[in-house]
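Analysis of the macromolecular model
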Amino acid sequence: MQKYEKISITKDEVVPVAQKMRADGVHLAMIHAFLDDDGTPDVSYEYDIDGGICSYTVRGEKVLPSISGIYDLGAEWPEREIMELMDITFEGCDTSERLFMPDSMLDGQGQILVTPMDELIKKAHGEEE
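Below is a short write-up of the structure. (Residues numbered from 1 in each chain as written. Predicted model: local features only at pLDDT ≥ 70, side-chain atom pairs only at ≥ 80, totals over all residues. Heavy atoms only, no water.)

**Some thoughts on the overall build of the protein**
So the rule is basically this: Put simply, DSSP H or I for four residues or longer makes a helix, DSSP E for two residues or longer makes a strand, and each gets a number counted from the N terminus. Calculation of accessible area relied on Shrake-Rupley with a 1.4 Å probe; when residues are assessed, cover is drawn exclusively from the protein chains displayed.
Across its full length, the protein carries 4 helices and 6 strands. Each helix and strand of the protein, ordered N terminal to C terminal, gives the series β-α-β-β-β-β-α-α-β-α. Accessible surface, the protein as shown: approximately 8200 Å² in total, 50% of it carbon and sulfur.

Structure below.
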């Protein structure tokens, strides 16, 4: 069974933890993010330590420092993906191009436009308000 450990950190600890992990030769497995039911952001930096996962988690922050300067594309791609899908920003991450979401599907930073089905049906039948 794979070992999993979760450690809560502050946004000020993100870069120092990443720098230490990189210096120790630890691989960044992934960066995950989700919003709790109350809308609180939860961002986890998952590191592969001896075949187990150590997850450093920051809660309640919408702006975090990028670690792409430390882990290159291994961090840049998940950071950019999270920024396209959620209202979370990684300061210092290159956002000059989108990864997969066209500009027409976004309403500002990281907000996917979702149209309820009843509105789509009204538009299709020319019943717009």
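**Observations concerning the nonpolar core**
Put simply, the rule reads: Residues belong to one nonpolar core when they are buried, are Ala, Val, Leu, Ile, Met, Phe, Trp, Tyr or Cys, and are joined through side-chain atoms within 4.5 Å. Whether a residue is buried, partly exposed or exposed follows from its accessible area with a 1.4 Å probe, protein chains only, as a fraction of its type maximum: under 20%, in between, or over 50%, in that order. Whether two residues touch is decided by their heavy atoms; if any such pair falls within 4.5 Å, the residues are in contact.
Membership of the largest hydrophobic core comes to 25 residues, with the highest contact counts inside it found for Ile31, Tyr45, Tyr47, Tyr56, Ile67, Tyr71 and Phe90. Broken down by secondary-structure element, the contributors of at least two residues to this core are α1 (14-23), β2 (27-35), β3 (41-49), β4 (52-59), α2 (68-71) and α3 (73-85). For this core, the leading source of residues is α1, giving 4 residues. With residues up to four places along the chain from it excluded, the contact list for Tyr45 reads Val14, Met30, Ile31, Cys54, Ser55, Tyr56, Val58, Leu64, Pro65, Ile67 and Phe90.

**Considering the packing of aromatic side chains**
Heads up, the rule is: Stacked, tilted and edge-to-face are the three classes assigned to paired rings of Phe, Tyr and Trp, where Trp is represented by its six-membered ring and a pair needs centres within 6.5 Å; plane angles under 30 degrees give stacked, over 60 edge-to-face, the rest tilted.
Applying the stated criterion across every chain yields a total of 2 aromatic pairs. Ring geometry for Tyr47 versus Tyr56: centroids 5.9 Å apart, planes at 75 degrees, classification edge-to-face. Tyr47 sits in the buried class, given a relative accessible area of 1%. Grouping aromatic residues by their ring pairs yields a cluster made of Tyr47, Tyr56 and Tyr71.

**Details of the environment of Ile70**
Note on placement: Ile70 falls in helix α2. For Ile70, a relative accessible area of 17% puts it in the buried group.

**Here we look at α3**
Spacing of three or four residues puts side chains on the same side of an α-helix, whose turn is 3.6 residues. Condition: A helix's residues, less one, multiplied by 1.5 Å, set its expected span.
Look at α3: 18 Å from first C-alpha to last across 13 residues, which is about the 18 Å you get at 1.5 Å a residue. Structurally, α3 contributes buried residues whose contacts are with β2, β5 (63-65), α2 and β6 (89-91).

**Side note on the pattern of salt bridges**
Selection rule: Throughout this description, the term salt bridge denotes a Lys or Arg side-chain nitrogen within 4 Å of a carboxyl oxygen of Asp or Glu.
Tallying each qualifying case throughout the model produces 5 salt bridges. Arg59 is paired through a salt bridge with Asp36; the nearest N and O atoms lie 2.2 Å apart. Highlighted residues: Arg59 in strand β4 and Asp36 in the loop between β2 and β3, separated in sequence by 23 residues.

**Quick notes on the sheet that holds β3**
Threshold: Two strands are counted as paired when DSSP detects at least two bridges linking them. Lines fitted to the C-alpha atoms define the axes, with helices restricted to the stretch that makes contact. Angles between their N-to-C directions range from 0 to 180 degrees.
The sheet built from 4 strands is open, its strands ordered β1-β4-β3-β2 with mixed pairing. Among the strands making up the open sheet, the edge pair consists of β1 (4-8) and β2. On average, each strand axis in the sheet is tilted by 20 degrees relative to the strand beside it, whichever way the strands run. Pairing analysis gives 8 bridges linking β3 to β4, with the strands arranged antiparallel. Its bridge partner being in β4, Val43 is matched across the sheet by Val58.

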